[in-house]
Amino acid sequence: MRAPLQFVLDFFTGGDPVVPTSAPSSAQASSQAPSRVPAPASDPIGRVPTLAPDAAPPPSAGFVHAGANRHAQLQGVMVSFRFERSRRKSIGFLVGADGLVVRAPNWVTLREVDATVQEKSAWIVAKLQQFKERQTEQFQKAIEWRHGAEVPFLGRTVQLCVLERGLGRVLGQDLSPDEVLPVTVPPGASVTQVRDAAQVWLKKQAKALFEQRLHHFAPLLGVRWQKLSLSSASTRWGSARTDGHIRLNWRLIHLPISQIDYVVVHELAHLREMNHSPRFWETVGEVMPDYAQRRKALRQSPLGLADD
């Protein structure tokens, strides 16, 4: 297996060595799906207040390393990263599958590290964004959009079955409706045409399921949503506006219903709390006590998007 792509940047510090005045902060303590039906939505998980570098990370940070122990607002995006001391001679930045890792010599102060992170913020955010986009692209490319291909759907797989227009029959073996993703394409259709037709079907299923789940959870939270739109965002699963407009990423349809429901509840909760304060998370917990486990599973999905 090929090693995951990583972006590395070394920043050589100048001036006289500075004796550190403080030690680096320690790491922070870190349903069943209907066969073919609807789901709900959430608010942009990105409205987070600026935190001190060593403050606890907001649960909805834009980019989060699993072992994050420092946090910074970069280019308007909250980035929680792993900071490590090393015997290297410069401050180094590594962007990989887990997120951002910053390493610095023992003699460099935390203030200098934070200043350098800010100085390199454009590079950092660009590489984090690029990595997420590549993860999504690789996930999509892993699906062979041909007859018989297995496509992730609600945490399981369905078989892509191609109906060539005019032939009046589905190519391939007979399967139950719950095991099939049927598409109709012109004779001799390209892989791209098959993919586009399959995604139309997936989006239709997503829209129906999301609406169903929104209708289920909104009364439990005591909120009313007004409009649902499908999103193709490359960085987040959903967003919500004060006017009740919910946007949900259609690619959620690839994931288990438990994770879809988490995003739905998260976005609906924003209709009560347009922030990520303790009160917001209490609101989510009212109807989903295990939201932390669901959120963790969502963050580990191969698409690698942020929950908000």
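Above this note sits the structure.
Residues numbered from 1 in each chain as written. Predicted model: local features only at pLDDT ≥ 70, side-chain atom pairs only at ≥ 80, totals over all residues. Heavy atoms only, no water.

The next subject is the sheet that holds strand 10 (residues 227–231). In space, the three strands of this open sheet follow the order 10-12-11, with mixed pairing throughout. For this open sheet the edge positions go to strand 10 and strand 11 (238–240), each flanked by a neighbour on one side alone. Looking at each pair of strands side by side, their axes are set apart by 15 degrees on average, direction ignored. Bridging between strand 11 and strand 12 (residues 245–249) involves three bridges; their strand directions are antiparallel. Across the sheet, residue S239 finds its bridge partner in strand 12, namely R247. Contacting strand 10 and strand 12, helix 3 (residues 191–221) crosses the sheet at an angle of about 140 degrees to strand 10. Of the strands in this sheet, strand 11 and strand 12 touch helix 4 (residues 257–269), which is tilted by about 155 degrees from strand 12. (Pairing = 2+ DSSP bridges. Helix = DSSP H or I, 4+ residues; strand = E, 2+ residues; numbered from the N terminus. Axes fitted to C-alpha atoms, helices over the stretch in contact; angles between N-to-C directions. Contact = heavy atoms within 4.5 Å.)

For the coordinates displayed, the defined rule picks out three aromatic pairs. Ring centres of F153 and W201 lie 5.4 Å apart, and the angle between their planes is 50 degrees; this geometry places the pair in the tilted category. Taken together, the residues F153 in strand 7 (residues 150–153) and W201 in helix 3 connect sequence positions 48 residues apart. Per residue, the accessibility class of F153 equals that of W201, and both read buried. Note on W281 and Y291: the rings are 5.3 Å apart at their centroids and 20 degrees apart in plane angle, and the pair reads as stacked. Of this pair, W281 sits in helix 5 (residues 278–287) while Y291 sits in helix 6 (residues 291–299), and the two are 10 residues apart along the sequence. (Phe/Tyr/Trp six-rings, centres within 6.5 Å; stacked < 30°, edge-to-face > 60°. Buried < 20%, exposed > 50% of the residue type's maximum accessible area, 1.4 Å probe, protein only.)

For the rest of this paragraph, the subject is the pattern of salt bridges. Taken as a whole and assessed by the stated rule, the structure comprises eight salt bridges. A salt bridge links D196 to R195, with the nearest nitrogen and oxygen atoms 3.0 Å apart. Residues participating in the shared-partner salt-bridge network are R82, E84 and R103. (Salt bridge = Lys/Arg side-chain N within 4 Å of Asp/Glu carboxyl O.)

Ranked by size, the top nonpolar core spans 48 residues in total, and within it L160, L181, L202, L252 and L268 carry the most contacts. Every element with two or more residues in this core is listed here: strand 7, strand 8 (156–164), strand 9 (180–185), helix 3, strand 12, helix 4 and helix 5. Here L181 is in contact with V151, V158, Q159, L160, C161, A198, W201 and L202, once residues within four sequence places are set aside. Listed in part, the 20 residues of the second largest apolar core include A72, V79, I124 and L128. (Core = buried A, V, L, I, M, F, W, Y, C linked by side-chain atoms within 4.5 Å.)

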